[in-house]
Amino acid sequence: MFENEQDTVDQLLSTNDRFRHLYDKHSALKSQVQDASGGAAGMEQLALETLKKEKLSLKDEMAVMIKNYHVARA
């Protein structure tokens, strides 16, 4: 996630509590989605779709924070 922005992600992880919280939650959801998609964890399709949407929402929020970080540094 955000491979092209790793330096910015690392900076935000070390300085921004909100970003770190979002990143940790996204990572946990990513793991849950992978387990459910791979069949390791039984889950109804609706619950899986809900997790995917939440994960995407977190990623979108982090993307905005990364963009704002760059704008503030410009």
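In this text the structure is predicted, and so the values were computed from the model without any measurement.

A. Here's a closer look at the overall build of the chain. A tally of helices and strands in the chain yields three helices and zero strands. Start at the N end of the chain and walk to the C end: the helices and strands fall as α-α-α. Against the 2.2 N^0.38 benchmark of 11 Å for 74 residues, the chain shows a C-alpha radius of gyration of 14 Å, more extended than a compact globule. Along the three orthogonal principal directions, the C-alpha set of the chain runs to about 45 × 20 × 15 Å. When contacts within the chain are restricted to residue pairs at least 6 apart in sequence, those whose partners lie at least 24 apart make up 66%. For the chain, the accessible surface area stands at approximately 5100 Å², while carbon and sulfur atoms represent 49% of it. On the chain, the mean spot of the 10 positive side-chain charges and the mean spot of the 12 negative ones are 3 Å from each other.

B. Representation of the packing of helix H1 (residues 6-15) against helix H3 (residues 45-73). Contact geometry for H1 and H3: axes closest at 10 Å, N-to-C directions at 95 degrees. The angle between H1 and H3 places the two elements in the roughly perpendicular class. Contact with H1, carried on its side by Thr8, Val9, Gln11 and Leu12, involves Met65, Ile66, Tyr69 and His70 of H3 and no other residues of that element.

C. Examining the packing of aromatic side chains more closely. Following the criterion strictly, the structure yields one aromatic pair and no others. Geometry around Phe2 places Lys59 over its ring, the cationic atom sitting 5.9 Å from the centre.

D. Representation of the environment of Gln45. Take Gln45: it is sitting in helix H3. One polar contact links Gln45 to Glu49, side chain to side chain, over a distance of 2.9 Å.

E. Here's a closer look at the nonpolar core. Grouped together as the largest cluster of nonpolar side chains are 16 residues, with contacts concentrated most on Phe2, Val9, Leu12, Phe19, Leu22, Met62 and Ile66. Looking at this core, the element that brings in the most residues is H3, giving seven residues. Leaving out residues up to four positions away in the same chain, Phe2 has contacts with Val9, Lys59, Met62, Ala63 and Ile66.

F. Summary view of H3. For H3, which comprises 29 residues, the first-to-last C-alpha distance of 42 Å matches the rise-based estimate of 42 Å (1.5 Å per residue) to within 8%. Within H3 the residues assigned to the buried category are Leu48, Leu51, Leu58, Met62, Met65, Ile66 and Tyr69. Against the buried residues of H3 lie H1 and helix H2 (17-37).

G. Region of the structure containing the confidence of the model for the chain. Of the residues in the chain, 95% have a pLDDT of 70 or more, and the chain-wide mean is 92. Per-element averaging of pLDDT across the chain places H2 at the bottom with 94 and H1 at the top with 97.

H. Looking closely at the packing of H1 against H2. Running from amino to carboxyl end, H1 crosses H2 at an angle of 110 degrees, the nearest separation of the two axes being 6 Å. With respect to H2, the axis of H1 lies roughly perpendicular. At the point where H1 passes H2, the crossing takes the left-handed sense. Every residue of H2 that contacts H1 at Val9, Leu12, Leu13, Ser14 and Thr15 is listed here: Asp17, Phe19, Arg20 and Tyr23.

Quick notes on the rules
Residues numbered from 1 in each chain as written. Predicted model: local features only at pLDDT ≥ 70, side-chain atom pairs only at ≥ 80, totals over all residues. Heavy atoms only, no water. Helix = DSSP H or I, 4+ residues; strand = E, 2+ residues; numbered from the N terminus. Rg over C-alpha atoms; globule rule 2.2 N^0.38 Å. Contact = heavy atoms within 4.5 Å. Areas by Shrake-Rupley, 256 points an atom, 1.4 Å probe, with all protein chains shown as cover. Lys, Arg positive; Asp, Glu negative; His and termini not counted. Charge placed at Lys NZ, Arg CZ, Asp CG, Glu CD. Axes fitted to C-alpha atoms, helices over the stretch in contact; angles between N-to-C directions. Parallel < 35°, antiparallel > 145°, perpendicular 65-115°, else oblique. Phe/Tyr/Trp six-rings, centres within 6.5 Å; stacked < 30°, edge-to-face > 60°. Lys NZ or Arg CZ within 6 Å of the ring centre and 35° of its normal. Polar contact = N/O pair within 3.5 Å; in protein donor to acceptor, adjacent residues only side chain to side chain. Core = buried A, V, L, I, M, F, W, Y, C linked by side-chain atoms within 4.5 Å. Buried < 20%, exposed > 50% of the residue type's maximum accessible area, 1.4 Å probe, protein only. Expected span 1.5 Å × (residues − 1). pLDDT = per-residue confidence, 0-100. Left-handed = near helix turned anticlockwise from the far one by under 90°.

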